[in-house]
Structure formats: C-alpha cells, structure tokens
Amino acid sequence: MEKSIKASALNYGLYLGATLVLVTVLSYAINLELLTKWWLGIILFLVILVFGIVSTARSKGLLKGFISFKEAFSSYFITIAVGFVISTLVSIVLFNVIDPEASEILKENVMESSRQMMENFGAPQSEIDKAMLQMEGENQFAMSNQLKSVAFQLVFYSIIGLIVALAMKRNDPNAA
C-alpha cells in the first residue's frame, strides 16, 4: 500500500511540475513581465498548496480514510518537491541556456519593482541605493541561486505540510 501512496504523490508532483512549467513558459512567451507580478506569485502559492493538499487527501483515500502523520507529510512533501525540481530545471535551462537575455530583462523588472515598493514604503534613498547595488550584482537565475531558492521554498512549504499532515492524519482505531 505504501508504494501506491508514493506513486500517487509522484504523479501529483509531475502534474504540479507540468503546471508550473506551463505558467513559466506561457509567461515567457506572452509577456516576460508577468513573472514579476505579485498576484501571479499568490496564485502559484495557492496552486502549489492545493496540489499538496489534494495529494495528501488522495493518499488518505487510498488508505481507506486512515493515514498516519508520516504518510500524510510524505505524500505532501513528495508532491511539492517533485513539482519544484521539474519547474526549477526548466527555468535553469530556459534562462541560462535558451535565452540568457530574458533573465537580464527580468532582473531589471524586479529591480524597478523593488525600487518602487521601497519608495512607496518611505525607505531612505541610501537604503534603496544599497539594495539596488546588491541586486545588480546577483544573478537570480544562476544554478546556485536557483537551488538555494528551491531549498528555501521546500522548507517554507514543509512547515505548511506539517500543518496539513496534522490536520489530515487519522489513526485506525482497530489497528494494533
């Protein structure tokens, strides 16, 4: 039975990865600036969360309504991890191999958005200049930065996954 839970979580991870890749590729093809919009980030956060929760619920269903905390968390985590790895690999190829200029355009857009946000919050010009200088020296699409980003996202979503697993777990009262 454990194998079918992992297979189910893996499938949901593949679907999540395909969804994230589709959003990235469509945004790249339609309007690169979409990838810097805050509302797209919120939508993707919700999509990722839904995939993780649905995967956990599906695993619970496969186990006839009873799932341990470990099984629930594993189902959630496998889904999220597989989705992120697929999405990250495609982003690395797209922005480092296929079209490195697109990463520079995105960097400029992110810098301008950050500048505007800092100005709107009343940040001192010296802090804005310092932040812009730091951003100028970074390549957020470099492989090392992409891998760091995946690690931080996995930690963040794992915390949510612990809560989901706690809410979904249901022990079989007839089990020894």
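Residue positions are given per chain, counted from 1 along the sequence in the order it is written. Local features in this predicted model are restricted to residues whose pLDDT is 70 or higher, and side-chain atom pairs enter the listing and the counts only when it is 80 or higher, whereas totals over whole chains, interfaces and linings include all residues. In computing side-chain properties, one takes all heavy atoms of the structure into account and sets aside hydrogens as well as water.

Can you walk me through the nonpolar core in this structure?
A general trend in soluble globular proteins is that nonpolar side chains are found buried together. By size, the foremost hydrophobic cluster in this structure holds 20 residues, and its most contacted members are Ile48, Tyr76, Ile80, Phe84 and Tyr157. Runs of E in the DSSP output that reach at least two residues are strands. Runs of H or I that reach at least four are helices, and both are numbered from the N terminus. Looking at this core, the element that brings in the most residues is helix α6 (residues 143–168), giving seven residues. Any pair of residues with heavy atoms lying within 4.5 Å of one another is described as a contacting pair. Leaving out residues up to four positions away in the same chain, Tyr157 has contacts with Phe45, Ile48, Tyr76, Ile80 and Phe84. Note on terminology: a nonpolar core comprises buried Ala, Val, Leu, Ile, Met, Phe, Trp, Tyr and Cys residues joined through side-chain atoms within 4.5 Å. When a residue's accessible area, from a 1.4 Å probe over protein chains only, is under 20% of the maximum for its type it is buried; when over 50% it is exposed; and in between it is partly exposed. Leu32, Phe95, Ala102 and Phe141 belong to the second-largest nonpolar core, a separate cluster that totals six residues.

Which parts of the structure should I look at to understand the environment of Leu34?
Position of Leu34 among the secondary structure elements: in the loop between α1 (2–30) and α2 (38–62). For Leu34, a relative accessible area of 21% puts it in the partly exposed group. For the pair formed by Leu34 and Asn109, sequence separation is 75 residues and the distance between their alpha carbons is 10.0 Å. Those residues within four positions of Leu34 in sequence are excluded, and the remaining contacts are Ser27, Trp39 and Leu40.

What is the right way to read a nonpolar patch on the surface from this model?
A grouping of Trp38, Trp39, Ile42, Ile43 and Leu46 is seen on the molecular surface, where their side chains present a nonpolar patch of about 550 Å² in accessible area. Mapped onto the fold, Trp39 is located in helix α2. Taking relative accessible area as the criterion, Trp39 reaches 37% and is therefore assigned partly exposed. Patch membership requires over 30% relative accessible area and the absence of a salt bridge. Like charges are linked within 9 Å, and nonpolar side chains (Val, Leu, Ile, Met, Phe, Trp, Tyr) within 5 Å. Methods summary: accessible areas were calculated by the Shrake-Rupley approach with a probe of 1.4 Å, and residue burial reflects only the protein chains presented. Take a side-chain nitrogen of Lys or Arg and a carboxyl oxygen of Asp or Glu: if they are within 4 Å of each other, that pair is a salt bridge.

Looking at this structure, how should I read the environment of Thr24?
Its place among the elements puts Thr24 in helix α1. A relative accessible area of 10% means that Thr24 is categorised as buried. A sequence separation of 52 residues divides Thr24 from Tyr76, and the C-alpha atoms of the two residues are 22 Å apart. Each residue touching Thr24, except ones within four places of it in the same chain, is listed here: Leu35, Ser91, Leu94 and Phe95.

Would you take a moment to explain the packing of aromatic side chains for this structure?
Side-chain rings of Phe, Tyr and Trp, where Trp is taken by its six-membered ring, are said to pair if the distance between their centres is within 6.5 Å; with planes under 30 degrees apart they count as stacked, over 60 as edge-to-face, and otherwise as tilted. One pass over the structure, following the stated rule, counts eight aromatic pairs. Relative to Tyr157, the ring of Phe84 has its centre 5.4 Å away and its plane inclined at 55 degrees; by these criteria the two rings are tilted. In this pair, Phe84 is assigned in helix α3 (residues 69–98) and Tyr157 in helix α6, connecting sequence segments 73 residues apart.

Sorry, what's going on with the side chain of Lys107 here?
Here Lys107 is to be found in helix α4 (residues 100–120). Buried charge without a partner: Lys107 forms no salt bridge, and the closest opposite charge is Glu104, 4.3 Å away. Excluding anything up to four places from it in sequence, Lys107 contacts Met135, Glu136 and Glu138. Charge assignment in this entry is limited to Lys and Arg as positive and Asp and Glu as negative, and neither His nor the chain termini are counted.

Honestly, the packing of α3 against α4 in this entry has me stumped. Any pointers?
Axes, fitted as lines to C-alpha atoms, cover a helix only where it is in contact. Angles between the N-to-C directions of the axes lie from 0 to 180 degrees. Between α3 and α4, the least distance of the axes is 5 Å, while the angle of their chain directions is 105 degrees. As judged from the angle between their axes, α3 and α4 are roughly perpendicular. Contact residues: Phe95, Asn96, Val97 and Ile98 in α3; Pro100, Ala102, Ser103 and Leu106 in α4. Polarity classes work like this: nonpolar for Ala, Val, Leu, Ile, Met, Phe, Trp, Tyr, Cys and Pro, charged for Asp, Glu, Lys and Arg, and polar for all others, with Gly in that last group. Its residues assigned to classes, the contact of α3 with α4 comprises six nonpolar, two polar and no charged. Put simply, angles under 35 degrees are roughly parallel, angles over 145 are roughly antiparallel, angles from 65 to 115 are roughly perpendicular, and the rest are oblique.

Just checking my understanding: could you explain the side chain of Ser91 for this structure?
Position of Ser91 among the secondary structure elements: in helix α3. On the basis of relative accessibility, which here comes to 9%, the residue Ser91 falls in the buried class. In this view, Ser91 contacts Thr24, Asn96 and Gln146; residues no more than four positions away in its chain are not counted.

Such coordinate-based values are descriptive only and should not be taken to indicate function.
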